Amino acid sequence: MHGVASRRRSASVAYAASVAVADIERVSAVLFDFAGVITDDPFRTMGAAATGFGIDPKEFAAIAVGHGDYGAGDHPWHRLERGEIELEEFNQRTDELARTRGHDGFPPLPVELILSGAMVVRPAMLELLADLRSAGIATAIVTNNVRALGAWRQLADWDELVDVVIDSCEVGMRKPEPRIFHHACAELGVQPADAVFLDDMDANVEGAETVGLNAMLVSDPVVAIAEVRRITGTS
């Protein structure tokens, strides 16, 4: 999963990013982000949570998930996504961080609120996954996630839909770190240049591009699905 607030490019640039992968001669694999691509964006609910706690949404995002810092940093959210700490320590550390920023503490991560968004799967994405596998194209989910939000695995039989699931909290690395993309391609047995990666965050798209993946920024899932079907011949 990932951060809050506006982090997407404009729709025109997002569409250009999808068109940019159109000249691939051979697509051996398609790698998918989970939340915000296969499902609706669960963090859209976080704006309401921030308002409910009386904190500016951007400030809430900075404290909760390190909004604006998408690298291999040591923000508690990054460490939680890499599986280095558990939820209890995360809540303690974000509370401490909030106090250093002049707040009277910080609420625990609203796990149930986030999960309510993460549980809204896009059926057309599941159909795309199934069609890609039927066409012999390797598929993977590459997700930044935390153990406390692991209920997403119950939404579908992912082993039947994708070849590999790369979960940040299990592999100890997270997007946009280049190593997670190298790891995903190695698990699939493909070269980055022969694979397409879909994500709804600029930073993750840019991270994928640094290792040679053909990355597509997803702002409109209908457009993204149509583009993947076109370049893979599964339309």
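Use the structure listed above.
Since the structure is predicted, the reported quantities are computational estimates derived from the model, not experimental observations.

1. Looking at helix α3 (residues 57–65)
Argument step 1. Burial analysis of α3 places 7 of its 9 residues in the buried class, the great majority of the element.
Argument step 2. Residues of α3 that are buried include every one of Glu59, Phe60, Ala61, Ala62, Ile63, Ala64 and Val65, and no others.
Argument step 3. Lining the buried residues of α3 we find α2 (46–52), α4 (76–81) and α5 (87–100).
Argument step 4. Regarding α3, its N-cap is Asp56, as a side-chain oxygen of that residue lies 3.0 Å from the backbone nitrogen of Lys58 further along.
Argument step 5. Residue Gly66 follows α3 closely and has a positive phi angle near 70°.

2. Digging into the environment of Leu87
Argument step 1. Here Leu87 is to be found in helix α5.
Argument step 2. With relative accessibility at 22%, the residue Leu87 sits in the partly exposed group.
Argument step 3. Remark: the alpha-carbon pair of Leu87 and Arg147, spanning 60 residues in sequence, is separated by 8.2 Å.
Argument step 4. Those residues in contact with Leu87, other than ones at most four positions away along the chain, are Leu80, Leu109, Val111 and Ala148.

3. A word on the nonpolar core
Argument step 1. The biggest cluster of nonpolar side chains holds 26 residues, and the ones touching the most others in it are Val30, Phe32, Trp158 and Leu198.
Argument step 2. The set of elements that each furnish at least two residues to this core consists of β1 (29–32), α7 (123–134), α8 (158–161), β4 (195–199) and α12 (221–232).
Argument step 3. Setting aside chain neighbours within four positions, we find Phe32 in contact with Val37, Ile38, Met125, Leu128, Leu129, Leu132, Ala140, Ile141, Val142 and Leu198.
Argument step 4. Ala138, Ile180, Phe181 and Val190 belong to the second-largest nonpolar core, a separate cluster that totals 22 residues.

The rules behind these values
Per chain, residues are indexed from 1 in the order of the written sequence. Predicted model: local features are reported for residues with pLDDT of at least 70 only, side-chain atom pairs are reported and counted for 80 or more only, and whole-chain, interface and lining totals are derived from all residues. Side-chain measures were taken over the full set of non-hydrogen atoms in the model, leaving aside hydrogen atoms and water. A simple rule labels every residue: compare its accessible area, found with a 1.4 Å probe on the protein chains alone, to the largest value its type can have, and call it buried under 20%, exposed over 50%, or partly exposed in between. Each helix is a run of DSSP H or I of at least 4 residues and each strand a run of E of at least 2, with the numbering of both proceeding from the N terminus. Two residues qualify as a contact provided that any one of their heavy atoms is within 4.5 Å of a heavy atom in the partner residue. Contacts described as polar in this section are N or O atom pairs within 3.5 Å, which, within protein, must combine one atom able to donate a hydrogen with one able to accept it, while residues neighboring in sequence count only if both atoms come from side chains. The criterion is simple. A nonpolar core is a set of buried Ala, Val, Leu, Ile, Met, Phe, Trp, Tyr and Cys residues joined through side-chain atoms within 4.5 Å.

So, to be careful, I would describe these as geometric facts and stop short of saying anything about function.
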